[in-house]
Amino acid sequence: IGGQLSPWPTYTSGQTILHNRKPCSYDYRKRAGSWQKQPLGITKPRYLEQLENYLHKELLLLDLSTDSTQELRLQPYREIFEFFIEDFKTYKPLLSSIKNAYEVMLAHQREKIRALEPLKAKLITVNEDCNERILAMRAEERYEISMLKREKMNLLKLIDKKNEEKISLQSEVSKLRKNLAEEYLRYLSERDARKILIADLNELRYQREDMSLAQSPGIWGEDPVKLTLALKMTRQDLTRTQMELNTMKANFGDVVPRRDFEMQEKTNKDLQEQLDSLRSDYEEVCKEHEILLQLHMTTLKERDRFHSELQEIQRTSTPRPDWSKCEDVVAGGPDRWQMLAEGKNSDQLVDVLLEEIGEGLLREKDFFPGLGYGEAIPPFLRFDGIVENKKPTKKDVVNLLKDVWKQRLLEEQKEKFPDFFFSFLEHRFGPGEAMAWAYTIFENIKLFRSNEVMSQFYAVLMGKRSESVYIKQKETVAQLLKEMTNADSQNEGLITMENLSTVLKSTFPFKKEEKIQELMEAGGWHPNSSNADLLNYRSLFIEDEEGQSMPFVQKLWEQYMDEKDEYLEELKQELGLELDDEVTLPKVREALMNIDPSLDKRTLNGYLSWAFQLPMTELPEEGEEKEEGIVVQLKIALQRLQMTDIRRMGSREQEPAS
C-alpha cells in the first residue's frame, strides 16, 4: 500500500468505522478526496478478512452459558487488537496506550463490580428477609382480620340476642304494668266496696241496738227521747275517741316501745363508754408517740454526736497494728505465729510478742544479778552477787513446776510455799545450784504469763493466790475425769454427749444451763450434734508439752474465775457499802449467810479468816462479836477473798445448813 493505511473502510458500503473520526495529518485530508473518487467495487484487504475470520471463529468457540460471558467475549477482541498493534509498528505506542487505558478502566470497573457483589448478595438476602417478613405480617394481619371478623360476627349475634331480650323484657314490662293497673283498679273497687259494706254493717248494728232499746224500756226507766239523746251523745263520743285514736296513731306511729328505747339507750351508753375509753387510749398513745418522737430526736442527736466523735477518734487515733508483720520475726515462722495468735485479742497478742522478745533476751543472758537481802525480796531470791542462768527450755520449766506441785501435795503443808519451793530446789539440784535455779525459774515464770502452769505457779509463789485455788481446781478436774470414767461402762474412753451433760450437771449442780452448754461446746458438742454422738472424754484433759490444757479445762477455769467475781460482787451488793468503807466481821458473816445459806461453819470461818487475816482459832463465835470490834476496809477484804478458793455452796433460796 506504499507505507500508508488502507482507506477502504472509509468508503465501502460495509464499513464499521465511524465517519466523524478526526484526521491525524494534513496528507490524510488531501487524500480523502482522491479516495472518495475511487470506484466502490474494491475488495476488502486480505489481512482484514483474516482478522474477521479469526474473530468469528473465536466467538463461535466461546461458551456463552457461563456467568463470565462478557469477559470471554471481550477476549477475542483484545487478541485482534493486539495483533493489529503488533503489525502496525508506527502506531504501536499510541495504540498500546489506548489499550492500556481501556484495560485500566475495565480493571477498575471490574473491581467495582467485585466490590458490589457482596452488597448485591446482601441486598438479595435483605430483600428475601423483608419479603418473608411482609408475608408473615400479611399472614398475621389476615389471621387478625379473620379473628376480628369472627369476633364481629359473635358481637353482632350477641347484640341481636340482647335486642331480642330487650324487646321481650319491654313487652313483659308493658304486660306487667297493664296487670298492675288492673289489679290497682280492682283493689280500689274492693276498698270502696269494703268501706260501703262496713258503713252498712254499722248502720244495721245501730238499728239493731235502737230496736233492742226500744223493745226493753225497763232498762233505763226513762223515755225513749232521753235514750235517743244519750245514744246520740255516745255516738259523738265514739267518733271523737276514734278521731283521737287516729290522731295518736298518726302522731306516734314512729315511736318505739320503752323496752326497745331502754335497750338502745343502754347500747348507746356502752358504745359511748367504749368511745371514751378509746379516746383516752388514743390520747395516751398520742402522748407516748410525742415522747417517742422526742426520744427519737434525742437519739438522732446522740447518734450524730457519737458519729462525729467516732470520726474524730478515727482521725486522731492510731491505726490497729498489723499483726501479720510478726510472722517473719517470731521464731518458727508464720505457722508458729498463727498457732500463738489463735483466739487472742490485741492485749494478749502484745503479751505473746513480749514473751517472744523476752525469751530471746533471756536466752542471751548468761548471769543474773542478785537482788540482795532486803525485806521486800522473796526469801528464795535473797542473794548478793551473780548467779548463773541455767537456760532451760519452756518444757523443762513446766515439768519442774509440776514436780514441785506433786511434792507439795504429798507432804504436809506446814511451811510457806516460797520456803518449800527453795527447799525443793536444794533437794533436787543441791545447795550450790539451788539459787541459780531459783533465779532462772523465777525469770521464766515471770516472763511467760500466757502459760497456765507458769502463771498459776507465779501467782501462788508471789502470794497473789492461795494454794487452795490450784489444789481445788486439780481436784475438780480429777473428779470430772472420774465421773466420766464411771459413765464409760465399756471402758473404751468414749461417752455420749448425753452422758457428758449428765456428768456436768451432777458435778456442778449450781451452774446455769448456759454455762453447761459452754462446757459442752468446749468439749466438742455443736448444735447439729445428737445426744448419741460419742466423745473421747480423755482427750479433754490432755496437756501439751508446755502444760497448756485443752479448751474444755480452760473454759472450766474461766467459768470458775467468773463465778468467783459474781459471788464477790453479790457479797458487795449485800453489804451495801463502798469499796473505801470499813466493814466488820459480823456484817461479813451475815452477808455471806444471806447470799449463800448452804455455807457450813468450817467453810464460813475459812472465808472470814482469809478476809480478816486471822487464824480460825481466834475468830469470835457467832453472837459474841462486838459491833466495833474487828474491822477491815471492804476493798482489802474482797481482794483477800479473791486470792483464796471461794465458791457458792448452794442456792440463795435454800435454808442454812445445820
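Residues numbered from 1 in each chain as written. Predicted model: local features only at pLDDT ≥ 70, side-chain atom pairs only at ≥ 80, totals over all residues. Heavy atoms only, no water.

Participant: Before we go on, may I ask you to explain the overall build of the protein chain in this structure?
Facilitator: Along its length, the protein chain carries 20 helices and six strands. Expressed as a percentage of its 658 residues, the buried residues of the protein chain come to 25%. Look at the contacts in the protein chain between residues 6 or more apart in sequence, and 64% of them connect residues 24 or more apart. For the protein chain, the accessible area works out to roughly 47,500 Å², and carbon and sulfur atoms hold 56% of it. (Helix = DSSP H or I, 4+ residues; strand = E, 2+ residues; numbered from the N terminus. Buried < 20%, exposed > 50% of the residue type's maximum accessible area, 1.4 Å probe, protein only. Contact = heavy atoms within 4.5 Å. Areas by Shrake-Rupley, 256 points an atom, 1.4 Å probe, with all protein chains shown as cover.)

Participant: Sorry, what's going on with the environment of Tyr-47 here?
Facilitator: Tracing the sequence through the fold places Tyr-47 in helix 3 (residues 46-61). We classify Tyr-47 as partly exposed; its relative accessible area is 29%. Considering only alpha carbons, one finds Tyr-47 and Phe-84, 37 residues apart in sequence, at a separation of 9.7 Å. Once residues within four sequence positions are removed from consideration, Tyr-47 is found in contact with Phe-83, Phe-84, Asp-87 and Phe-88. Polar contacts involving the side chain of Tyr-47 include one to the main-chain carbonyl oxygen of Phe-83, which spans 3.4 Å. (Polar contact = N/O pair within 3.5 Å; in protein donor to acceptor, adjacent residues only side chain to side chain.)

Participant: Help me understand the pattern of salt bridges, please; the structure alone is not making it clear to me.
Facilitator: Close approach of charged atoms allows side chains of opposite charge to pair. Enumeration according to the criterion identifies 27 salt bridges in this entry. Where Lys-162 meets Glu-165, a salt bridge forms, and the shortest distance between an N and an O atom there is 4.0 Å. With Lys-162 and Glu-165 both in helix 5 (residues 92-215) and three residues apart, this pair spans about one turn of that helix. The partner of Glu-190 in a salt bridge is Arg-186, with the nearest N and O atoms 2.9 Å apart. Here Glu-190 pairs with Arg-186, and both are found in helix 5, just four residues apart, close to one helical turn. Among the charged side chains, a network of salt bridges with common partners joins Glu-86, Lys-89 and Lys-92. (Salt bridge = Lys/Arg side-chain N within 4 Å of Asp/Glu carboxyl O.)

Participant: How should a nonpolar patch on the surface be read in this particular structure?
Facilitator: On the surface, Met-153, Leu-155, Leu-156, Leu-158 and Ile-159 cluster together into a nonpolar patch covering about 440 Å² of accessible area. Tracing the chain through its elements places Met-153 in helix 5. Judged by relative accessible area, Met-153 falls into the partly exposed class, the value being 45%. (Patch = residues over 30% accessible without salt bridge, like charges linked within 9 Å, V, L, I, M, F, W, Y side chains within 5 Å.)

Participant: Please explain empty space enclosed by the protein as it appears in this structure.
Facilitator: Over the atoms rolls a probe the size of a water molecule, and its path tells where empty space is left. Overall, the coordinates contain one cavity of 30 Å³ or more when judged by the stated rule. By volume, the largest cavity is sized at about 70 Å³. Around the largest cavity, the lining residues are Glu-359, Leu-362, Arg-363, Asn-389, Lys-391, Pro-392, Thr-393, Lys-394, Thr-440, Asn-444 and Phe-448. Ranked by the residues each element gives to the lining of the largest cavity, the list is headed by helix 9 (residues 346-364), at three residues. (1 Å grid on protein atoms, 1.4 Å probe; cavity = no way out; pocket = protein on both sides within 12 Å on 5 of 7 lines; lining within 4 Å. Points joined across faces, edges and corners; volume = space filled by probe spheres on them.)

Participant: Would you mind showing me how to read the UniProt feature "coiled-coil region" (unreviewed entry) in the protein chain here?
Facilitator: Under the UniProt annotation, "coiled-coil region" (unreviewed entry) lies at residues 145-179 and 261-288. The span residues 261-288 carries 100% helix and 0% strand; its end-to-end C-alpha distance comes to 40 Å. (UniProt positions renumbered as here; feature names shortened; annotations may be inferred.)

Participant: What exactly am I supposed to notice about unusual backbone geometry here?
Facilitator: If a residue is not glycine, its phi is most likely negative; likewise, a peptide bond is most likely trans. With a phi angle near 50°, Lys-391 is a residue other than glycine that sits in the positive phi range. Within the secondary structure, Lys-391 is located in the loop between strand 2 (386-388) and helix 10 (394-410). By relative accessible area, which is 35% here, Lys-391 ends up partly exposed. Although it is not a glycine, Gln-613 sits at a positive phi angle of roughly 55°.

Participant: I would appreciate a short explanation of the confidence of the model for the protein chain in the present structure.
Facilitator: Fine structural detail should not be taken from predicted coordinates in areas where pLDDT scores are low. Per-residue pLDDT for the protein chain averages 81, and the proportion of residues at 70 or more is 85%. Here residues 1-40 scores under 50 on pLDDT; set against residues more than four positions off or in separate chains, the count is 26 contacts. (pLDDT = per-residue confidence, 0-100.)

Participant: Would you explain helix 14 (residues 467-487) in this entry?
Facilitator: What sets the pattern is the α-helix's 3.6 residues per turn: residues three or four places apart point alike. Taking 1.5 Å as the rise per residue, helix 14 with 21 residues should run 30 Å; its terminal C-alpha atoms sit 30 Å apart, in good agreement. Every buried residue belonging to helix 14 is among Glu-467, Val-469, Tyr-470, Ile-471, Gln-473, Thr-476, Val-477, Leu-480 and Met-484, and all of these are buried. (Expected span 1.5 Å × (residues − 1).)

Participant: Looking at this model, I keep getting lost on the side chain of Asn-389. Mind explaining?
Facilitator: As for its position among the elements, Asn-389 is in the loop between strand 2 and helix 10. The class for Asn-389 is buried, based on a relative accessible area of 5%. Among the polar contacts listed, one links the side chain of Asn-389 to the backbone nitrogen of Lys-391, at a separation of 3.1 Å.

Participant: I would appreciate a short explanation of the packing of helix 11 (residues 417-429) against helix 13 (residues 452-461) in the present structure.
Facilitator: Working note: a packed helix pair is described by the angle between its axes plus the distance between those axes. Interhelical geometry of helix 11 versus helix 13 gives an angle of 120° and a closest axis separation of 9 Å. On the basis of their axis angle, the class for helix 11 and helix 13 is oblique. Where helix 11 approaches helix 13, its residues Phe-417, Pro-418 and Phe-421 are matched on the opposing element by Phe-457, Val-460 and Leu-461. Of the residues that constitute the contact of helix 11 with helix 13, the class distribution is six nonpolar, no polar and no charged. (Axes fitted to C-alpha atoms, helices over the stretch in contact; angles between N-to-C directions. Parallel < 35°, antiparallel > 145°, perpendicular 65-115°, else oblique. Nonpolar A, V, L, I, M, F, W, Y, C, P; charged D, E, K, R; others polar.)

Participant: Help me out: how do you make sense of the nonpolar core in this one?
Facilitator: In a soluble, globular protein the nonpolar side chains are often hidden away together inside. In this structure, Leu-425, Ile-445 and Phe-457 are the most contacted members of the largest nonpolar core, which totals 34 residues. Those elements giving two or more residues to this core turn out to be helix 10, helix 11, helix 12 (431-447) and helix 13. Top element by residues in this core is helix 12. It accounts for eight residues. Residues Tyr-607, Leu-608, Leu-638 and Leu-641 belong to the second largest nonpolar core, which totals 24 residues. (Core = buried A, V, L, I, M, F, W, Y, C linked by side-chain atoms within 4.5 Å.)

Participant: Hey, could you run me through the packing of helix 17 (residues 551-575) against helix 18 (residues 585-595) in this one?
Facilitator: Interaxial distance between helix 17 and helix 18 falls to 9 Å at its minimum, and their mutual angle equals 120°. When the axis of helix 17 is compared with that of helix 18, the two are oblique. Crossing geometry of helix 17 relative to helix 18 is assigned as right-handed. Seen from helix 17, the contacting residues are Tyr-567, Glu-570, Leu-571, Glu-574 and Leu-575; seen from helix 18, they are Lys-587, Val-588, Ala-591, Leu-592, Asn-594 and Ile-595. (Left-handed = near helix turned anticlockwise from the far one by under 90°.)

Participant: Help me understand a negative patch on the surface, please; the structure alone is not making it clear to me.
Facilitator: A cluster of acidic residues, Glu-514, Glu-518, Glu-521, Asp-562, Asp-565, Glu-566 and Glu-569, forms a negative patch at the surface. For the negative patch, the leading source of residues is helix 17, giving four residues. Here Asp-565 lies in helix 17. (Lys, Arg positive; Asp, Glu negative; His and termini not counted. Charge placed at Lys NZ, Arg CZ, Asp CG, Glu CD.)

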